[in-house]
Each structure stands twice: as structure tokens, then as C-alpha cells.
Amino acid sequence: MKAITVRSHKAGQGATVTACALALAIEATGRSVALATNDPDTFAVYGLGTDEGLSVEVKQRLRVFDVSRLGDLDTVGLAGLVGLSDGPRGRFDVLVTDLGDATPTRATLAAHGFSEPESVEVVRPCYLALRRSTTADRYGAETRQHVALVREEGRALTVGDVKSVLKPTGEVIEIPHAVAVARCVDAGLMAHRLPRDFDTLAAFVETLTTPRETLDAADAELAALKARRKAKSTAKRVTK
């Protein structure tokens, strides 16, 4: 099972809504998704009540697990909860987490059987948010992987500023801070219709959930094609 952690070092950055949108975008690709959360607001984003129980089916291939009901849940317990084993409960392709300070590191997830763990840090172009992110010590030994930047018009900081400060090793996904998203959540429609403002996130999902072997094979095939074209071009020049 692939694991994708969504986190933010400062409240109000949009991590929960982003995690919900990410899970929906993955589900739309035909993969089954487990969203583990300890934030009751996750249910509200999907238009659900907070007393729904330990797990709730949002869509046919998307289920939300409220791990706050289980107290302190370590990574082993998380793996068992979402059915990481090959048994009858092992029915999910991807685990998305929205666990705040309880988010496991990628190394910990990998050690407990999650394949190719990925992390997405959600941030706005805000000096205080960037300061909090760079001074947080919980993930100090872990390189920052992907960044979801909730872009706000009128801010002094640019996308380039955010990249230079956070120095992600992966992608920077720009998500506009749009009224349409708030309206969708307010109306309880998020589970049924992913706003187009998340199109960049949906495009990112396709590469994020593609197995590494597939990507490597595609890269090798592309490199071979370029080599053949170069050889053919060289041969033509020699003939002339």
C-alpha cells in the first residue's frame, strides 16, 4: 500500500481540505483510498457529521478513518487499521493521512511496510508559515518532498520565494485560494464534486500514484528513443 502524508506546520494553511481533495483525486483514478485523520473537520469537509463512527464510506473507493477515537495510534496500529495485510481487509491501494503532529515520518512508514511513502507539506505564501516550517524540528532530519502551495493574490511572497525557502526535492503544486472551494465545502458537496481549482492536484496525483517501476521503464524507453533518433540523425549527416 502506498502512503501519502499531508501535513502543515501552522494551522489554517489548508492541510485538511487539501488532504480531502487529494483522496478524492486518487479515488477518481480508480484506486481505493483510506484517509486516516484525527481532525473532526475532515468529516465536515465531506459534508458528514462528526459522530459517524470509526470509519465512514465517502465514496465506493474512499473511506475515512477517525483515528482520534483510538487514542495514540502508532504506525503499526495504523497499518492494521487500514488493512495493510494481504488478508480480507487489505483492500486499499493508497493511504492518505491528515494527522497533524502525529504524522509518521516517511522512514517510519517504510519500515512498517508502506511502499514508497510520500509527503506533501501544505503552506501559503506567508512569512509566518514559512518561518514555522523551517524552524520545526519534528521532521528536521527528513528532506522536504512535495509542497502544495495555496496561492493567494496580493501576497508579497512569490512561488519562487517559497521554493527557495522550503527547497522541496519533489513537486510544487500550486492551488489557488478560491471562493469556489469554500462554497463547495459550505454546501456539503465536496464528496460529490471536486472543484476545478484542484486540477493541478489531480494532475500531480497521476504521477504520484504511478509505481516507480513504471516511471523508470518509461524513462528508459524515452532515453532509448532519443538515442535512436540521435543515431539516425548522425547517420544521415555522415551519408551526406
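Before reading on, note that the structure itself is shown above.
1. Here we look at the overall build of the protein
On a plain count of helices and strands, the protein comes out with nine helices and eight strands. Across the 240 residues in the protein, those meeting the buried criterion constitute 42%. Within the protein, counting contacts between residues at least 6 apart in sequence, those at least 24 apart form 73% of the total. For the protein, the accessible area works out to roughly 12,600 Å², and carbon and sulfur atoms hold 51% of it.

2. Re the sheet that holds strand E2 (residues 33–37)
Sheet architecture is open: eight strands sit in the order E3-E4-E2-E5-E1-E6-E7-E8, paired in mixed fashion. Strands with a single pairing partner mark the edges of an open sheet, and in this sheet they are strand E3 (55–59) and strand E8 (172–176). Looking at each pair of strands side by side, their axes are set apart by 20° on average, direction ignored. Along the sheet face, helix H6 (residues 159–166) touches strand E6 (115–123), strand E7 (146–151) and E8 and points at about 150° away from the line of E7.

3. Here's the deal with the pairing of E8
What you see with E8 is a clean split: Ile173 and Ile175 sit on the buried side and Val172, Glu174 and Pro176 on the side with no burial. As defined by bridge partners, E7 adjoins E8 across five bridges and the pair is classed as parallel. Paired with Val150 across the strands is Ile175, a residue of E8. Running through H6, the crossover from E7 to the neighbouring parallel element E8 is right-handed.

4. With respect to the pattern of salt bridges
Per the counting criterion, the structure on display carries nine salt bridges. Residue Lys2 is joined to Glu118 by a salt bridge in which the shortest nitrogen-to-oxygen separation is 3.3 Å. Taken together, the residues Lys2 in strand E1 (residues 2–7) and Glu118 in strand E6 connect sequence positions 116 residues apart. The salt bridge involving Arg151 is made with Glu174; its shortest N-O contact spans 3.2 Å. Of this pair, Arg151 sits in strand E7 while Glu174 sits in strand E8, placing them 23 residues apart in sequence.

5. Here we look at the side chain of Gln13
By the element assignment, Gln13 lies in the loop between E1 and helix H1 (15–27). With relative accessibility at 4%, the residue Gln13 sits in the buried group. At 2.9 Å, the side chain of Gln13 forms a polar contact with the backbone nitrogen of Arg124. The contacts of Gln13, once residues within four sequence positions are left out, are Ser8, Val122, Val123, Arg124, Ala129 and Val150.

6. Observations regarding unusual backbone geometry
At Lys167, a position not held by glycine, the phi torsion is positive, near 50°. Structurally, Lys167 is set in the loop between H6 and E8. With a relative accessible area of 58%, Lys167 lands in the exposed category.

7. Points about the packing of H1 against helix H8 (residues 199–208)
At a minimum axis distance of 9 Å, the contact between H1 and H8 shows a crossing angle of 55°. Between H1 and H8, the angle is such that the two are oblique. The chirality of how H1 crosses H8 is right-handed. Two secondary-structure elements touch here, H1 through Thr18, Ala21, Leu22, Ala25 and Ile26 and H8 through Leu201, Ala202 and Val205. When grouped by side-chain class, the residues that make up the contact of H1 with H8 number seven nonpolar, one polar and no charged.

8. Considerations on the nonpolar core
Nonpolar side chains tend to gather and get buried jointly when the protein is soluble and globular. In terms of nonpolar packing, the biggest core is built from 37 residues, with Leu35, Tyr46 and Val96 touching the most fellow members. In terms of residue count, H1 provides more of this core than any other element does, nine residues in total. Counting 15 residues, the second largest nonpolar core, distinct from the first, contains Met1, Ala34, Leu78 and Ala79.

9. What to know about H1
In an α-helix, one turn spans 3.6 residues; hence positions three or four apart end up facing the same way. Helix length check: H1, at 13 residues, gives a terminal C-alpha distance of 18 Å against a target of 18 Å (1.5 Å per residue), a fit within 8%. With twelve of its 13 residues buried, H1 lies for the most part within the structure. For H1, the complete set of buried residues consists of Ala15, Thr16, Thr18, Ala19, Cys20, Ala21, Leu22, Ala23, Leu24, Ala25, Ile26 and Glu27.

Reading the values: rules and limits
- Residues numbered from 1 in each chain as written.
- Predicted model: local features only at pLDDT ≥ 70, side-chain atom pairs only at ≥ 80, totals over all residues.
- Heavy atoms only, no water.
- Helix = DSSP H or I, 4+ residues; strand = E, 2+ residues; numbered from the N terminus.
- Buried < 20%, exposed > 50% of the residue type's maximum accessible area, 1.4 Å probe, protein only.
- Contact = heavy atoms within 4.5 Å.
- Areas by Shrake-Rupley, 256 points an atom, 1.4 Å probe, with all protein chains shown as cover.
- Pairing = 2+ DSSP bridges.
- Axes fitted to C-alpha atoms, helices over the stretch in contact; angles between N-to-C directions.
- Right-handed = clockwise from strand over helix to strand, strands pointing away.
- Salt bridge = Lys/Arg side-chain N within 4 Å of Asp/Glu carboxyl O.
- Polar contact = N/O pair within 3.5 Å; in protein donor to acceptor, adjacent residues only side chain to side chain.
- Parallel < 35°, antiparallel > 145°, perpendicular 65-115°, else oblique.
- Left-handed = near helix turned anticlockwise from the far one by under 90°.
- Nonpolar A, V, L, I, M, F, W, Y, C, P; charged D, E, K, R; others polar.
- Core = buried A, V, L, I, M, F, W, Y, C linked by side-chain atoms within 4.5 Å.
- Expected span 1.5 Å × (residues − 1).

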